[in-house]
2 protein chains.
Amino acid sequence: MKGENIKEAGLKVTLPRLQVLEFLEKNVGKHFSADELFTQIRISSSEIGLATIYRVLNQFEEAGLVIKHQFENGQAVYELDTGEHHDHMVDVESGEVKEFYDEEIEALQEKLAKKYGYELVDHSMVLYVKKL
Amino acid sequence: MKGENIKEAGLKVTLPRLQVLEFLEKNVGKHFSADELFTQIRISSSEIGLATIYRVLNQFEEAGLVIKHQFENGQAVYELDTGEHHDHMVDVESGEVKEFYDEEIEALQEKLAKKYGYELVDHSMVLYVKKL
DNA sequence: ATCCTTGCAAAATATTTGCAGTATC
DNA sequence: GATACTGCAAATATTTTGCAAGGAT
């Protein structure tokens, strides 16, 4: 169903919400700022307001539909939450974001938490990199 | 010497710069937003401008005297760069923050960046944990 | 004496909110 | 039809910049 997950979040299935969700679904693994989403959706179709984008993204985040990231550049970016954990690598020169998953790192983090007497609940790791 | 590291950064040793640096030196391991520094320095002494705080912090960051962190709340925070890198472990139940350093993780991050054709410039890692 | 630095105010960014009209259930 | 939602504009919040005055070497 098209707006099933929107409805499940207790939100009405409206055009702006569908547009935002569908755009993110078409671009899984990529990250967009509110302004980029605004521009993209404006280009491909109708009259959407930037404020609405922000409102919808906040509601989606609350509902667990999207993940919000605050990388080092001031602007927050959003991506669809596919439920599959991954970490991020940010090219500090181009701003490009790559996702990656490394079993060794994950295991090491578990081990580290235990070493300090904790259980690992969640983590975030961002590598800031530049091209060699 | 008091303003030695300021001078070494190619900056003139001025009152605002000394005040910011000394405040951070008195609070190693803690993090402050520009606004908090502004308020704190205003309370304890003289007429300093918020814009100056921002300028000084940017210069200090450039010079490697302070580290800037962009946490999840929009406001950037700064801490003195003691030269000792560390990551953070946050107890999700108590809110307590532990700093830690692990050679194996550091090496693995370098390796990972290389694997994707990048040079590691910086990284941030936060482990969210709870007591076992 | 020169050039850097400062504080203030205004500008630039990023995001949120008030409101009156509109669409969804 | 009631209520939630929207777009726009105005309001906030954070950080940067222009400028004239003040300070360091």
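For the structure itself, consult the block above.
What counts, and where the lines are drawn
- Residues numbered from 1 in each chain as written.
- Chains lettered and ligands numbered in written order.
- Predicted model: local features only at pLDDT ≥ 70, side-chain atom pairs only at ≥ 80, totals over all residues.
- Heavy atoms only, no water.
- Axes fitted to C-alpha atoms, helices over the stretch in contact; angles between N-to-C directions.
- Helix = DSSP H or I, 4+ residues; strand = E, 2+ residues; numbered from the N terminus.
- Parallel < 35°, antiparallel > 145°, perpendicular 65-115°, else oblique.
- Left-handed = near helix turned anticlockwise from the far one by under 90°.
- Contact = heavy atoms within 4.5 Å.
- 1 Å grid on protein atoms, 1.4 Å probe; cavity = no way out; pocket = protein on both sides within 12 Å on 5 of 7 lines; lining within 4 Å.
- Points joined across faces, edges and corners; volume = space filled by probe spheres on them.
- Nonpolar A, V, L, I, M, F, W, Y, C, P; charged D, E, K, R; others polar.
- Pairing = 2+ DSSP bridges.
- Near = heavy atom within 4 Å.
- Polar contact = N/O pair within 3.5 Å; in protein donor to acceptor, adjacent residues only side chain to side chain.
- Buried area = accessible area lost by both parts, 1.4 Å probe.
- Salt bridge = Lys/Arg side-chain N within 4 Å of Asp/Glu carboxyl O.
- Patch = residues over 30% accessible without salt bridge, like charges linked within 9 Å, V, L, I, M, F, W, Y side chains within 5 Å.
- Areas by Shrake-Rupley, 256 points an atom, 1.4 Å probe, with all protein chains shown as cover.
- Lys, Arg positive; Asp, Glu negative; His and termini not counted.
- Charge placed at Lys NZ, Arg CZ, Asp CG, Glu CD.

Draft legend 1. Focus on the packing of helix 3 (residues 34–44) of chain A against helix 4 (residues 50–62) of chain A. All names here are of chain A. Where helix 3 meets helix 4, the axes come as close as 9 Å, and the angle between the chain directions of the two elements is 120°. Overall, the two elements helix 3 and helix 4 adopt an arrangement that is oblique. Helix 3 and helix 4 meet at a crossing whose hand is right-handed. Counting all contacts with helix 3, which are made through A34, D35, L37, F38 and I41, the residues of helix 4 involved are L50, I53, Y54 and L57.

Draft legend 2. Quick look at the layout of surface pockets. Considered as a void within the structure, the second largest pocket measures approximately 280 Å³ in volume. Taken together, the residues of the lining of the second largest pocket sort by class into 4 nonpolar, 6 polar and 3 charged.

Draft legend 3. Focus on the sheet that holds strand 5 (residues 97–100) of chain A. The strand order across the open sheet formed by 6 strands is 5(A)-4(A)-6(A)-6(B)-4(B)-5(B), and the pairing between neighbours is mixed. Looking at which strands have only one partner, the edges of the open sheet turn out to be strand 5 of chain A together with strand 5 (97–100) of chain B. Neighbour to neighbour, the strand axes of the sheet diverge by 20° on average, direction disregarded. Where helix 5 (residues 103–115) of chain A meets the sheet, it contacts strand 4 (87–91) and strand 6 (118–131) of chain A together with strand 4 (87–91), strand 5 and strand 6 (118–131) of chain B, and its direction lies at approximately 135° from that of strand 6 of chain A.

Draft legend 4. Region of the structure containing the protein's contact with DNA strand C. Lining the immediate surroundings of DNA strand C are 22 residues, of which A:Y54, B:R17, B:E47, B:T52 and B:R55 lie closest. Within the side chain of A:R55, one N or O atom sits 3.3 Å away from a base oxygen of DNA strand C. Looking at the surface near DNA strand C, the elements with two or more residues in it are helix 4 of chain A together with helix 2 (15–26) and helix 4 (50–62) of chain B. Looking at which element gives the most residues to the surface near DNA strand C, the answer is helix 4 of chain A, with 5 residues. Classifying every residue of the surface near DNA strand C gives 9 nonpolar, 6 polar and 7 charged.

Draft legend 5. Molecular detail of the interface of chain B and chain A. Contacts between the two partners involve 36 residues from chain B and, on the opposite side, 37 residues from chain A. Carbon and sulfur atoms make up 66% of the surface buried where chain B meets chain A, a total of about 3,300 Å² over both sides. In this structure, the connection of chain B to chain A is made through 2 salt bridges. Taking the shortest distance from any N to any O, the salt bridge between B:E104 and A:K111 comes out at 3.6 Å. The interface formed by chain B and chain A holds 10 residue pairs in polar contact (both at pLDDT 80 or more) in total. For the side of chain B that touches chain A, the elements supplying multiple residues, two or more each, are strand 4, strand 5, helix 5 (103–115) and strand 6 of chain B. A breakdown of the residues in the side of chain B that touches chain A according to their chemical character gives 19 nonpolar, 6 polar and 11 charged. As paired elements, strand 6 of chain A and strand 6 of chain B share 13 bridges and run antiparallel to each other. Looking across to strand 6 of chain B, one finds that A:V126 is bridged to B:S124.

Draft legend 6. Summary view of a negative patch on the surface. Negative charge collects at one region of the surface, where A:E72, B:E61, B:E62 and B:D122 lie side by side. By secondary structure assignment, the location of A:E72 is in the loop between strand 2 (66–69) and strand 3 (77–80).

Draft legend 7. Structural context of the protein's contact with DNA strand D. Taken together, 20 residues sit near DNA strand D, with A:T14, A:E47, A:I48, A:T52 and B:Y54 positioned nearest. Here the atoms of DNA strand D within 4 Å of the protein split so that 70% fall in sugar or phosphate, with bases taking the remainder. At 3.3 Å, a side-chain N or O of B:R55 approaches a base oxygen of DNA strand D. Within the residue set of the surface near DNA strand D, elements represented by two or more residues are helix 2 (15–26) and helix 4 of chain A together with helix 4 of chain B.

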